[in-house]
Amino acid sequence: MPRDNASYFLRRKFLKWLLIGAVGSFVLAYLLTAPFFIRPLYKAEALIFVPLTLFSQQFDQQGIGFASDAEIDGHIQMLQSTRLLDSLAARHSLDAVYDIDRSAPGGDQRQYQKMRSRIDIEKTRYNSVSVQVSDTDPTRAASMANDIAELGDVIKEDLLLENRLAAYDFARSLYEQKLEEIELLEAHLPASDTLPDAQQIQRSFGAYRDQVTYESKVWELTERRSRYETLQKSLEVPLPQSYVVSPAVEPHSASWPPRLLLAIAAAMVFVVVMFAAELIRKDVQTN
């Protein structure tokens, strides 16, 4: 900047108005972002670790297994699903809170968009899942964040229950099928008191073959029964729940709007505009 321009901007009168305008812009922006004009949003966060889905894997690791990246991504998809949003909206009466008529055309879509704008779910660098909820009510924000973590486990249980039942039914049918085969084979085997000795069995290939087949099928039956009983027992045990390492608590300060930052930005904008206006006016007067 030329020296004459610099001395011009260092004039007491200019600096006086510059300071008054900057302070005025700061105060005005700070007042306009007050709760009286803009309802503030409070952010609450719950932090969870996703467990291994299969109970057998949890059992092998003494109940402390953590999910893989693929399982974490799948769990996040469940947390972001419309099924969870519906349950959350019903639990907190969010259609009334957001004043949205879901029975009107496009009502559900507006409800989902509003909720998603207030909910942020992402995987952290430590493979945990951060559930953040912003709301005008700090108590509701914390409650919703904790409910999302809880509902994620409920929805996962419901979604996987059908497949677990199908696997159980399939294992039971295999077991019952093998049991019927053995019962039919037993009907053709000689009674235990009339079984031939080893030399006679060797001479009677058919009897020996039936005995070997019977023992093989009994072995298969034992394996199938073990698998069937394991699946039957697993249905009595709920899926592992998420590890809530940091439940959401009620926030005491608003996260939006950032009043101080906006006020400082308003003051800086005024200063820049003031300098630009003075430069333009001085150039016009010079020409």
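Note that the coordinates shown come from a computational prediction; the quantities given were computed from them, not determined experimentally. (Residues numbered from 1 in each chain as written. Predicted model: local features only at pLDDT ≥ 70, side-chain atom pairs only at ≥ 80, totals over all residues. Heavy atoms only, no water.)

Draft legend 1. Region of interest: the confidence of the model for the protein chain. Residue-level pLDDT values for the protein chain average 81, and 81% of them are 70 or greater. Per-residue pLDDT, averaged within each element of the protein chain, yields its smallest value for helix H9 (residues 198-203) (48) and its largest for strand E3 (residues 129-135) (96). (pLDDT = per-residue confidence, 0-100. Helix = DSSP H or I, 4+ residues; strand = E, 2+ residues; numbered from the N terminus.)

Draft legend 2. Structural detail: the packing of aromatic side chains. Evaluation of the coordinates by the stated rule reveals 1 aromatic pair. Ring geometry for Phe26 against Tyr30: centres 6.3 Å apart, planes inclined by 5°, an arrangement best described as stacked. Taken as a pair, Phe26 and Tyr30 lie in helix H2 (residues 12-32) at a separation of 4 residues, close to a single helical turn. Taking relative accessible area as the criterion, Phe26 reaches 29% and is therefore assigned partly exposed. The positively charged end of Arg259 is found above the aromatic ring belonging to Tyr30, 3.9 Å away from the centroid. (Phe/Tyr/Trp six-rings, centres within 6.5 Å; stacked < 30°, edge-to-face > 60°. Buried < 20%, exposed > 50% of the residue type's maximum accessible area, 1.4 Å probe, protein only. Lys NZ or Arg CZ within 6 Å of the ring centre and 35° of its normal.)

Draft legend 3. Inspection of the packing of helix H5 (residues 82-92) against helix H7 (residues 107-118) at higher detail. At a minimum axis separation of 11 Å, H5 and H7 run at an interaxial angle of 90°. One finds that H5 runs roughly perpendicular with respect to H7. For the pair formed by H5 and H7, the contact residues are Thr82, Leu85, Asp86, Leu88 and Ala89 on the first element and Gln111, Tyr112, Met115 and Arg116 on the second. Taken together, the residues that form the contact of H5 with H7 break down as 5 nonpolar, 2 polar and 2 charged. (Axes fitted to C-alpha atoms, helices over the stretch in contact; angles between N-to-C directions. Parallel < 35°, antiparallel > 145°, perpendicular 65-115°, else oblique. Contact = heavy atoms within 4.5 Å. Nonpolar A, V, L, I, M, F, W, Y, C, P; charged D, E, K, R; others polar.)

Draft legend 4. Local environment of H7. For H7, which comprises 12 residues, the first-to-last C-alpha distance of 17 Å matches the rise-based estimate of 16 Å (1.5 Å per residue) to within 8%. Elements in contact with the buried residues of H7: H5, helix H6 (94-97), strand E2 (119-123) and E3. (Expected span 1.5 Å × (residues − 1).)

Draft legend 5. Highlighting the nonpolar core. One finds Leu79, Ile121, Val129 and Ile148 to be the most contacted residues of the largest nonpolar core, which totals 31 residues. Those elements that place two or more of their residues in this core are strand E1 (42-49), helix H4 (69-79), H5, H7, E2, E3 and helix H8 (138-188). The dominant element in this core, judged by the number of residues it contributes, is H8, at 8 residues. The contacts of Val129, once residues within four sequence positions are left out, are Ala46, Leu47, Ile48, Val50, Ile72, Ile76, Leu79, Ile121 and Glu122. If you look at the next biggest cluster of nonpolar residues, it comprises 7 residues, including Ala171, Leu221, Tyr228 and Leu231. (Core = buried A, V, L, I, M, F, W, Y, C linked by side-chain atoms within 4.5 Å.)

Draft legend 6. Seen up close, the sheet that holds E3. Pairing in this open sheet of 4 strands is antiparallel, and the strands run E2-E3-E1-E4 from one edge to the other. Unpaired on one side and paired on the other, E2 and strand E4 (243-246) mark the two borders of the sheet. The mean inter-strand angle of the sheet, taken between neighbouring strand axes irrespective of direction, is 25°. Two elements, E2 and E3, share 5 bridges in a ladder whose sense is antiparallel. When the sheet's bridge partners are listed, Asp120 is paired in E3 with Gln132. Relative to E2, H7 is tilted by about 60°, and along the sheet it contacts E2 and E3. (Pairing = 2+ DSSP bridges.)

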